[in-house]
Amino acid sequence: MTELTRRSILAGTAAVLGSAGSTATHAAAPPTGKQAPGVYRYKVGSHEVTVLTDGARMFPLTESYVTNAPIAEVRKALEAVYLPPDKMIHHYAPIVINTGAKLILLDTGSGPGALKQTNGELGQLPQNLAAAGIKMTDIDTVVISHFHGDHVNGLLDENNKLAFPNAEVLVPATECKFWMDDGEMSRASKGRMEDLFKNNRRIFDALGRKVTPYEWNKELAPGLMPIPTVGHSIGHTSYVLASGSAKLYIQSDVTNNPDLFARHPDWSANFDQDGPQAIATRRKVYDMLVTEKLLVQGFHYPFPGLARVEKAEAGYRVVPATWSPTL
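Predicted model, so just to flag it, every value in this text is computed and none were measured.

What counts and what doesn't
- What you see as residue numbers is a count from 1 along each chain, following the sequence as written.
- In view of the model being predicted, local features appear only for residues whose pLDDT reaches at least 70, and side-chain atom pairs are presented and counted only at 80 or more, with totals across whole chains, interfaces and linings using the full set of residues.
- Excluded from the side-chain calculations are hydrogens and water; all other atoms, namely the structure's heavy atoms, are used.
- Strands here are runs of E lasting at least two residues and helices are runs of H or I lasting at least four, both read from the DSSP assignment and numbered beginning at the N terminus.
- Accessible area is worked out with a 1.4 Å probe on protein chains only. A residue is then buried under 20% of its type maximum, exposed over 50%, and partly exposed in between.
- Two strands form a pair only when DSSP identifies at least two bridges running between them.
- Each aromatic pair joins two rings of Phe, Tyr and Trp (for Trp, the six-membered one) with centres within 6.5 Å, and gets the label stacked for planes under 30 degrees apart, edge-to-face for over 60, and tilted for any other angle.
- By this rule, a helix spans an expected 1.5 Å times one less than how many residues it contains.
- Arc definition: it is the arc formed by the directions from the helix axis to the C-beta atoms.
- Polar contacts, as counted here, are pairs of nitrogen or oxygen atoms within 3.5 Å of one another; within protein the pair requires one atom able to donate a hydrogen and one able to accept it, and residues that are adjacent in sequence qualify only if both atoms are side-chain atoms.
- Think of a salt bridge as a Lys or Arg side-chain nitrogen and an Asp or Glu carboxyl oxygen that are within 4 Å of each other.

## Points about unusual backbone geometry
Cis geometry marks the peptide bond from Phe303 to Pro304; its omega dihedral reads 5°. Within the secondary structure, Pro304 is located in the loop between strand E13 (295–298) and strand E14 (306–312). The phi torsion at Asn160 lies on the positive side, around 60°, for a residue other than glycine. The residue Asn160 is located in the loop between helix H5 (149–152) and strand E8 (168–172) in this model. The exposure class assigned to Asn160 is partly exposed, which follows from its relative accessible area of 42%.

Shown next as structure tokens:
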């Protein structure tokens, strides 16, 4: 038996490298300098779900990011999951549901403006749709969960036209009524809320406000049921996708990054319209996910965002589903 020692391993490595250097005739392939397409598919019964990353964005953590916890605790929580303690990362992942009869896009990402402003970190949905073999003209229905920019800005293309020209746009009735109400806009606080009103008018006025409001608890397509999960916004909506015995909970923004807001469900983010209600909704939904052992698709989970939820100490742990090479 040959005895392996550090000296023999290093000598062998040097010999191999020297041999390779003397016989190589071609340079190594140059690095691509960009990420591979962000596309993942799985089945829910007979329905096919395609997850498409719109990108991810890291930004400095501020005192105001979590409104009801000291920043020192937030930093500690980030370090506990091997993330930088002074930065926050948000992930974004719309999905396409193929029912066999229709292609339904659920939320639209941050849009072409973000693609330019972030040098390609955000606004990746169109290129990943193309990588998935889906044309913008193939989309029959766009379903919006709520009226925040990372969900609605992708409705418009570079020319401020509907990016999905053959699609009907479905929006939550409660959400639409609030953001299109002139009285609510006049009472909006300066800063984020005022900016959201302005952005929503920009988006939906460009569409001539030609959208179809939908009510909760009434199917939008075979097996796709919208569920009220308010707090993050006044009309925030999640969904249950069911086919046969299979079921998927599509949470939208019940949590943002789960490393913070699932593990610490009583923390409130500065982008939750009603912080206490968002917390109550989060606990109700996550308790249900634990009890029913449902698969959950998270818009802001790390890509591809398919997971299960389990109880962990005072909060919850999001456990990524096993990746599958086949459908």
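## Comments concerning the pairing of strand E11 (residues 237–243)
In terms of residue burial, E11 counts as a mostly covered element, since six of its seven residues are buried. With five bridges joining them, strand E10 (residues 224–228) and E11 adopt antiparallel strand pairing. Bridge pairing links Met225 to Val240 in E11.

## Some points on the packing of aromatic side chains
Following the criterion strictly, the structure yields twelve aromatic pairs and no others. Considering the side-chain rings of Phe59 and Tyr65, the 6.1 Å spacing of their centres and the 55° angle between planes classify their relative orientation as tilted. Ring centres of Tyr92 and Phe299 lie 6.3 Å apart, and the angle between their planes is 85°; this geometry places the pair in the edge-to-face category. Of the two residues, Tyr92 sits in strand E4 (residues 87–92) while Phe299 sits in the loop between E13 and E14, which places them 207 residues apart along the sequence. Given the relative accessible area of 8%, Tyr92 is considered buried. Accessibility expressed as a relative area gives 5% for Phe299, which makes it buried. The rings of Phe59, Tyr65, Phe261 and Phe271 are connected pair by pair, giving a single aromatic cluster.

## Focus: helix H10 (residues 275–292)
Given a rise of 1.5 Å per residue, 18 residues ought to cover 26 Å, and the 26 Å separating the end C-alpha atoms of H10 matches this to within 8%. Listed in full, the buried residues belonging to H10 are Gly275, Ala278, Ile279, Thr281, Arg282, Val285, Tyr286 and Leu289. One side of H10 carries all its buried residues, which in axial view fall inside an arc of 165°. Set apart from the buried face of H10 by more than 90 degrees, the exposed residues are Pro276, Lys284 and Thr291. Sitting at the amino-terminal end of H10 is Asp274, which places a side-chain oxygen 3.2 Å from the backbone nitrogen of Gln277. Positive backbone phi, at 55°, marks Lys293, one or two positions downstream of H10.

## Concerning the pattern of salt bridges
Considering all chains together, one arrives at ten salt bridges under this definition. Notably, a salt bridge pairs Glu194 with Lys190, separated by 3.1 Å at the nearest N-O pair. On the basis of relative accessible area, Lys190 is assigned to the exposed category, the value being 70%. For Glu310, the salt bridge is made with Arg317, and the minimal N-O distance between the two is 2.6 Å.

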